[in-house]
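This is what each chain is made of:
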Amino acid sequence: MTIREELERREKEILAPWASLSSESRGRARKETPCDIRPAFQRDRDRILHSKSFRRLKEKTQVFLAPFGDHYRTRMTHTLEVSQNARTIAKALRLNEDLTEAIALGHDLGHTPFGHAGERALDRVCSLGFKHNEQSLRLVDILERDGRGLNLSWEVRDGILNHQTSGSPSTLEGQIVRLSDKIAYFHHDMDDAMRAGIIREEDVPPEITGVVGKTTGERLDCFIHDTIRTSQGKAMIGMSEPVAQAFKDMRTFMRRRVYSDPVAKAEEYKAEKLVEVLFDYFSRHTDELPAFLREMAVDDQSRIRAVCDYISAMSDRFAIAKYEELFIPKSWSVL
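Keep in mind it's a predicted model, so treat the numbers as computed, not measured.

Asker: Would you explain the packing of helix H13 (residues 268-284) against helix H16 (residues 316-327) in this entry?
Answerer: To describe two helices that pack against each other, one gives the angle between their axes and the distance between the axes. Contact geometry for H13 and H16: axes closest at 10 Å, N-to-C directions at 60°. As far as their axial angle goes, H16 and H13 are oblique. Crossing angle aside, the handedness with which H13 passes H16 is left-handed. Facing H13, whose interface residues are Leu274, Val277, Leu278, Tyr281 and Phe282, H16 presents Ala319, Ile320, Lys322, Tyr323, Leu326 and Phe327. When grouped by side-chain class, the residues that make up the contact of H13 with H16 number 10 nonpolar, no polar and 1 charged.

And the structure:
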């Protein structure tokens, strides 16, 4: 018996009856010889962790564009916090932690530079539309490894595609990530907003603090504990009614006080304009795209998609540098 087979046997003994088992995965688009050490979902987790798309997350905006200060979240730290929250819940509920972590690490790979501002801009100028969850799936299916993709398991791909509120993950592990994503960004976006002086702790309404806690740490602890208690022994993932309502109230508060704050969002129109200009330029100069994207651009539709692929993959820093290279005059000098 290989180490992988032994780990698969332990899953069957330990995990809950409704957990996703590595040995019962619906498989990959392209068949592969199984690893002798790692079960399928662990192998997927490793592939995502070692991907270029994952590394680029460290230079992509979460909420605050290019913030001064070492402690503001980026898309990378957001992803790691989602993963940690999700793993804690999955382990407590005896669900598949490897699958949960793989989905969590891959869920935002397709995010644009400059966060949702970049996503709005691409969706507006691209005739095919743009959604970061669909782009995340496209990255792992096609774009990574210079067009070969990561060939992930069906369950991981399903969780990545369906991590948004409108999605419907087929596994409980995917449902955990979908909820953990919201828990993470409400928690850390509020923490970052307080660090930036946009809101104060005393601004948080009593209908929230009276139910889930008076500090960001207390609220995070409450959301995770309540999800575990409410979902324990059930083939479902959710929160109790009072905590779920406080969660909704927090979303309303954050939208009103942080996500639409003129200070926090002051530079977003510049970011959107930058993305639009880059899209227009590369739509007219597809010969300047990376080689594997040029090979995919065989007609009008695929050329548009290739341009979206290129721009959405950019980090904030790379997008700014590319804009400066193309449109900002350089000082003249004698060589």
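Additional details are given in the paragraphs that follow.
Asker: How should the packing of aromatic side chains be read in this particular structure?
Answerer: How two aromatic rings sit relative to each other is given by the distance of their centres and the angle of their planes. Within the structure shown, the criterion is met by 7 aromatic pairs. Here Tyr281 and Phe282 contribute two aromatic rings whose centre-to-centre distance is 5.1 Å and whose plane-to-plane angle is 90°, an arrangement assigned as edge-to-face. Phe282 carries the same exposure label as Tyr281, and that label is buried. Pairwise contacts between aromatic rings join Tyr281, Phe282, Tyr310, Tyr323 and Phe327 into one cluster. One Lys or Arg, Arg26, reaches over the ring of Trp154 and ends 3.8 Å from the middle of that ring.

Asker: I'm lost on the pattern of salt bridges in this one. Help?
Answerer: Where side chains of opposite charge bring their charged atoms close, a pairing between them can arise. Applying the stated criterion across every chain yields a total of 34 salt bridges. The shortest N-O distance in the salt bridge between Glu32 and Arg43 comes to 3.6 Å. Pair noted here: Glu32 is in the loop between helix H1 (3-14) and helix H2 (40-49) and Arg43 is in helix H2, with a separation of 11 residues, a long-range link. Close ionic contact of Asp46 with Arg38 constitutes a salt bridge, the shortest N to O distance being 3.0 Å.

Asker: Where do I start with the packing of helix H7 (residues 132-147) against helix H15 (residues 300-313) in this structure?
Answerer: The interhelical angle for the contact between H7 and H15, taken along N-to-C directions, is 100°, at an axis separation of 12 Å. When the axis of H7 is compared with that of H15, the two are roughly perpendicular. In this structure, H7 contributes Gln135, Arg138 and Leu143 to the contact, and H15 contributes Arg305, Asp309 and Ser312. Counted by class, the contact of H7 with H15 contains 1 nonpolar, 2 polar and 3 charged residues.

Asker: I keep staring at helix H5 (residues 97-106) and nothing clicks. Help me out?
Answerer: Residue pairs spaced three or four apart in an α-helix point in one direction, given the helix's 3.6 residues per turn. When you tally the buried positions in H5, you get 9 out of 10 residues, the bulk of the element. Of all the residues in H5, the buried ones are Asp98, Leu99, Thr100, Glu101, Ala102, Ile103, Ala104, Leu105 and Gly106.

Asker: Is there a simple way to think about the layout of surface pockets in this case?
Answerer: To find leftover empty space, one rolls a probe the size of a water molecule over the atoms. Quantified by volume, the largest pocket comes out at close to 650 Å³. Breaking the lining of the largest pocket down by element, the ones donating at least two residues are helix H4 (75-92), helix H6 (115-125), helix H9 (172-195) and helix H12 (241-257). Looking at the lining of the largest pocket, its residues break down into 6 nonpolar, 11 polar and 11 charged. There is about 410 Å³ of room inside the second largest pocket. Taken together, 21 residues form the lining of the second largest pocket, with Lys52, Arg56, Leu143, Phe292 and Ala313 sitting closest to its centre. For the lining of the second largest pocket, the secondary structure elements donating two or more residues are helix H3 (52-56), H7, helix H14 (291-296) and H15.

Definitions and limits used
Residues numbered from 1 in each chain as written. Predicted model: local features only at pLDDT ≥ 70, side-chain atom pairs only at ≥ 80, totals over all residues. Heavy atoms only, no water. Axes fitted to C-alpha atoms, helices over the stretch in contact; angles between N-to-C directions. Helix = DSSP H or I, 4+ residues; strand = E, 2+ residues; numbered from the N terminus. Parallel < 35°, antiparallel > 145°, perpendicular 65-115°, else oblique. Left-handed = near helix turned anticlockwise from the far one by under 90°. Contact = heavy atoms within 4.5 Å. Nonpolar A, V, L, I, M, F, W, Y, C, P; charged D, E, K, R; others polar. Phe/Tyr/Trp six-rings, centres within 6.5 Å; stacked < 30°, edge-to-face > 60°. Buried < 20%, exposed > 50% of the residue type's maximum accessible area, 1.4 Å probe, protein only. Lys NZ or Arg CZ within 6 Å of the ring centre and 35° of its normal. Salt bridge = Lys/Arg side-chain N within 4 Å of Asp/Glu carboxyl O. 1 Å grid on protein atoms, 1.4 Å probe; cavity = no way out; pocket = protein on both sides within 12 Å on 5 of 7 lines; lining within 4 Å. Points joined across faces, edges and corners; volume = space filled by probe spheres on them.

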